[in-house]
Amino acid sequence: MKLKLKIQQKIQIFIISSTIIIYLIAVGYISLNARKMAYNDATELTNLHVQEAAKNIKAQLDADMMVVKTLTDAFYLYKEYPKDEWQDLVHKIYFNVFKNNPHIYGLWDSWELGFIDKNYDKPYGRVCHTYWRENGSIKNSIEYRSMTGDPPLYTITKSILVPSVAEPYFDIVTADKQASYLMFSLRSPMLVNNQFAGVVAIDITLAEFQKIIENIKPFEGSYAFLLSHQSVIAGHYQTDLLNQKFEEVFPGDEKQFMVSEKIKKGESFNYISKDANGVPTYYSYAPILVKHTVNPWSIAIAVPVAEIMTKANRNFRISILVGIAGILVMIIVIYFIGRNITNPITKITGLLNLVAKGHVDEKMRINISSGDEIEEMAVALNKSIEGLNNKVDFANYIGKGELNHEFVLLSNEDVLGKSLIEMRNSLVRAKEEEEKRKIEDDKRRWSNEGLAKFADILRQNNDNLETLATEIIMNLVNYLNANQGGVFILNDDDKEHVVLSMLSSFAFDRRKFLQKNIELGEGLVGTCAIEKRTIYMTSLPQDYIEVTSGLGGANPNCLLIVPLKLEETVLGVLEIASFNVFEKHEIEFVEKLAESIASTLSSVRINIRTTELLERSQQQAEEMAAQEEEVRQNMEELQATQEESARKSAEMEGLIEALNTSSYVIEYDIDGYIQNANENYLTLIGLSKQEVLGTHHSGNMEFTEQQQDDYDKFWKDLRTGKVRKETTKVNVRGKQFIFAETYTPIRNSDGEIYKILKISNNITDFHKN
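A few points on the structure. (Residues numbered from 1 in each chain as written. Predicted model: local features only at pLDDT ≥ 70, side-chain atom pairs only at ≥ 80, totals over all residues. Heavy atoms only, no water.)

Observations regarding helix H4 (residues 152-159)
Turning to H4, its buried residues number three or more, namely Tyr-154, Thr-157 and Lys-158. Along the long axis of H4, the arc covered by the buried residues comes to 100°, so they all point the same way. Residues of H4 that are exposed and point over 90 degrees away from its buried face: Pro-152, Ile-156 and Ser-159. Looking at the buried positions of H4, the neighbouring elements they touch are strand E1 (106-112), strand E2 (126-134), strand E6 (182-192) and strand E7 (195-205). (Buried < 20%, exposed > 50% of the residue type's maximum accessible area, 1.4 Å probe, protein only. Helix = DSSP H or I, 4+ residues; strand = E, 2+ residues; numbered from the N terminus. Arc of directions from axis to C-beta. Contact = heavy atoms within 4.5 Å.)

Structure (structure tokens):
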């Protein structure tokens, strides 16, 4: 028999019961995890406390060890003083150090007599200076010890050739002290030719650290203890355990957790074990490695596990109580909600009339779970209203341009929904194509604008390599929104040692003046020059490069290295580092720009060399003219002047001979007709001088109208005194040559231009390499 319940009763039975189950599972899970998190937080807090305590003790011992090291380093000057004067100086230094460091109980040293007394030849015997405190006063002594042989303890001290922290011991430095304390020493040996010559040490009573240990109590019932490198208990609230081996007092922990071995290795570790009273306890250890030493100590904190769990258990009980209160509140809320759900049944007819009139609203929804025809009617109505609302919302989103809004069809027969989705998809495709087109246009525009900008830079700075490189790298770093860059140029001044020289670098809007040479094949820059291909990296080593500013420094995220190639000839390398990743079009832009830079670098280098040679020639000519004028004005110095003129003339002839040997030299009148040509040029073209003289510069050339205008402007510039530099490809007897040409106007004594001098250099082989 089917149990018939009212709608409100069904809601109360099914919803409340399922909600209670889910809520209990959630509260239980959260409470257990909170308990576990509280335990983890407590253990982590314990670890932090022990690390902080280790850091504080280390800081104090580091300062004391620095005092010992300073004394040791200072005493290496003992050879420069007589023995008595040196020992008196030692006592004065010790007194001041001892007086200014009241926490130091004793300060002593030991000097091997064989090193401080040239007449002493035994391998044992030493002199000791000792300072200690007794009854509020400072006492000292000088003693000779080990005169018949070294005792075992001192033999161990002599074998340790590095600074160390000694194991705890009772004070036995001098025999006449009135009291003996448990202490340890910070020792620093003095070595001469890597042999033990002596030791300086300070003694510190463990009572100083016992106070620190007793004050470390991060939890109720917790305590701390200090262990030496050999696991000797150096600090503990149970003073009867002091100066005992850990493995003897706690053999179970030593066997199970190998505590002594981990202390010697300087490890941080923790474990849970039962203490002497059988109480589970959490132990956390942290190493104390004093500066310059290799034998770490360790400090540990012990906390009863029950104390750690106190807070966790309290939070767990509170969570359970809160969960029960929450369930009661949910039962009350659901009870009142159930009563309100039955009211919408009477509104179904009204909703159907509104739908029939075309009215659709988000509020036109009703929830019924009666299990009869009314429920089916309500479900069908809700689906219809929901579908219409979704279609309206979807159409509104499309109208607003939000084409990514999701829409779910009511079924495969939802014709209106399919039409809306198809319309949306068409708009999305059109928008995506438009965005792609805009992005590609922006990239092309950015690249074209950049190439135009740098073409202007290359034109304006083509007479000075350093200025050109500086302008290129400054503008390129800024244009790419990069952070650092450099231009390396192939330096072949020494043909047997060709290197890449940094011509200019730039970072953070500042020009960086660096001197840096890189061998071919060395590092990424050298590799790029050898392989003649671009290197792009997005994962850089931490120490490869660093970008610095006034606020600090950081490593860039990516590196772009591009060879400056001209027809497979590498003229240099461009290196750019950035915090941002370079896009593909940016890399292609830099590669295109590198070709233009390489071409300009080639022309600039040739032009600079040619100009320097010409300027030197002109300077020699002017100097010779000045000498000749001086000869005419001062006949008394005629002989000396004639000799100087002859020497200058010989140098000039040698310079001209060198120029005629290395270059092709042609002289034109101001109308472009050849007046003279050197033998190199005549040999190249295979003609005699008579056949060449009188021919025009434009012979065998055919020009378009634009080319004719450019050619006329070329000669007009020369006639007005402008120097023109050109790179020309010429076919001579079936062979193609590439020339770097410099046209220089020559003036007569009246300052009038009467001829044009062309110096041409064959750079064909340079381009092939």
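Back to the write-up after that little detour.
Here's the deal with the sheet that holds strand E10 (residues 269-274)
Spatial strand order, E9-E8-E12-E11-E10: five strands in an open sheet with antiparallel pairing. Only two strands of the sheet have a single neighbouring strand rather than two, namely strand E9 (233-236) and E10. When strand polarity is set aside, the average angle formed by the axes of neighbouring strands in this sheet is 20°. By the bridge criterion, three bridges tie strand E8 (residues 223-227) to E9 in an arrangement that is antiparallel. Bridge assignment links Leu-227 to a residue of E9, and that residue is Ile-233. The strands that helix H5 (residues 207-214) touches are E8, E9 and strand E12 (297-304); relative to E9, the one it contacts most, it runs at about 50°. (Pairing = 2+ DSSP bridges. Axes fitted to C-alpha atoms, helices over the stretch in contact; angles between N-to-C directions.)

Considering unusual backbone geometry
You will see that Ser-146, though not glycine, has its phi angle at about 55°, which is positive. Mapped onto the elements of the fold, Ser-146 is located in the loop between strand E3 (137-145) and H4. Phi is positive for His-292, which is not a glycine, with a value near 80°. The topology assignment puts His-292 in the loop between strand E11 (280-288) and E12.

Focus: the pattern of salt bridges
Considering all chains together, one arrives at 18 salt bridges under this definition. With its nearest N and O atoms 3.4 Å apart, the salt bridge here joins Glu-112 to Lys-158. Remark: Lys-158 occurs in helix H4 and Glu-112 occurs in strand E1; sequence separation between them is 46 residues. With respect to class, Glu-112 is no different from Lys-158; both count as buried. Ionic pairing is found between Lys-729 and Glu-567, a salt bridge with its closest N-O pair at 3.9 Å. (Salt bridge = Lys/Arg side-chain N within 4 Å of Asp/Glu carboxyl O.)

Considerations on the side chain of Lys-755
On the secondary structure map, Lys-755 appears in strand E26 (residues 753-762). Among the polar contacts listed, one links the side chain of Lys-755 to the side chain of Glu-667, at a separation of 3.3 Å. Those residues in contact with Lys-755 that lie beyond four places of it in its chain are Glu-667, Tyr-668, Asp-669, Ile-670, Gln-675, Thr-744, Pro-745 and Ile-746. (Polar contact = N/O pair within 3.5 Å; in protein donor to acceptor, adjacent residues only side chain to side chain.)

A few points about the sheet that holds strand E24 (residues 724-732)
Strands sit in the order E23-E22-E26-E25-E24 across an open sheet of five strands; the sheet is antiparallel. Whereas interior strands pair on both sides, the edge strands pair on one side only; in this sheet they are strand E23 (674-677) and E24. For this sheet, the mean angle separating the axes of adjacent strands, direction not counted, is 25°. Bridge count for strand E22 (residues 664-668) against E23 is three bridges, and the pairing is antiparallel. Paired with Glu-667 across the strands is Asn-676, a residue of E23.

What about a nonpolar patch on the surface?
A surface patch of nonpolar side chains, amounting to about 330 Å² of accessible area, comprises Ile-156, Ile-160, Val-162 and Val-294. Turning to its location among the elements, Val-162 is positioned in the loop between H4 and strand E4 (164-165). On the accessibility criterion, Val-162 (37% relative accessible area) is partly exposed. (Patch = residues over 30% accessible without salt bridge, like charges linked within 9 Å, V, L, I, M, F, W, Y side chains within 5 Å. Areas by Shrake-Rupley, 256 points an atom, 1.4 Å probe, with all protein chains shown as cover.)

Observations regarding the pairing of strand E14 (residues 499-507)
Looking along a regular strand, one sees the side chains alternate between the two faces of the sheet. By the criterion of burial, E14 is predominantly enclosed, with eight of the nine residues buried. In terms of strand pairing, strand E13 (residues 484-491) meets E14 through eight bridges, oriented antiparallel. Across the sheet, the residue bridging to Gly-485 is Phe-506, located in E14. Pairing of E14 with strand E16 (residues 517-519), which is carried by three bridges, proceeds in the antiparallel orientation. Bridge pairing in E16 places Leu-500 opposite Ile-518.

Topic: the nonpolar core
In this structure, Phe-184, Leu-186 and Ile-299 are the most contacted members of the largest nonpolar core, which totals 51 residues. For this core, the element with the most residues is helix H1 (residues 7-74), which contributes ten residues. With sequence-adjacent residues up to four places away left out, Leu-186 is seen in contact with Leu-61, Asp-64, Met-65, Val-68, Ser-164, Val-165, Val-200, Ala-201, Ile-202 and Ile-204. Judged by nonpolar contacts, the second largest core, of 35 residues, contains Phe-506, Leu-560, Ile-576 and Leu-601. (Core = buried A, V, L, I, M, F, W, Y, C linked by side-chain atoms within 4.5 Å.)

Notes on helix H14 (residues 523-531)
Along an α-helix, residues three or four apart share an orientation, since each turn contains 3.6 residues. Among the residues of H14, Val-525, Gly-526, Cys-528 and Ala-529 are the ones counted as buried. Along the axis of H14, the buried residues cluster in a sector spanning 155°; they form a single face. Among the structural elements, E13, E14, E16, strand E17 (535-537), strand E20 (558-566) and strand E21 (569-578) are those in contact with the buried residues of H14. Just beyond H14, the residue with positive phi is Lys-532, at close to 60°.

Quick word on the packing of aromatic side chains
The tally for this structure, following the rule as stated, stands at 28 aromatic pairs. Their ring planes at 15° and their centres at 6.4 Å tell us that Phe-269 and Tyr-271 sit as a pair that is stacked. In this structure, Phe-269 and Tyr-271 share a single accessibility class: buried. Chaining the aromatic ring pairs together yields one cluster made of Tyr-223, Phe-225, Tyr-237, Phe-257, Phe-269, Tyr-271, Tyr-283 and Tyr-285. The side chain of Lys-122 reaches across the aromatic face of Tyr-120, ending 5.7 Å from its centre. Note that Arg-133 overlies the ring of Phe-98, its terminal NZ or CZ placed 4.1 Å from the centroid. (Phe/Tyr/Trp six-rings, centres within 6.5 Å; stacked < 30°, edge-to-face > 60°. Lys NZ or Arg CZ within 6 Å of the ring centre and 35° of its normal.)

A few points about the environment of Ala-234
Note on placement: Ala-234 falls in strand E9. It is 9.6 Å that separates the C-alpha atoms of Ala-234 and Tyr-169, two residues lying 65 residues apart in sequence. Excluding residues within four positions of it along the chain, Ala-234 makes contact with Pro-168, Leu-206, Gln-210, Leu-226, Leu-227, Leu-242 and Trp-297.

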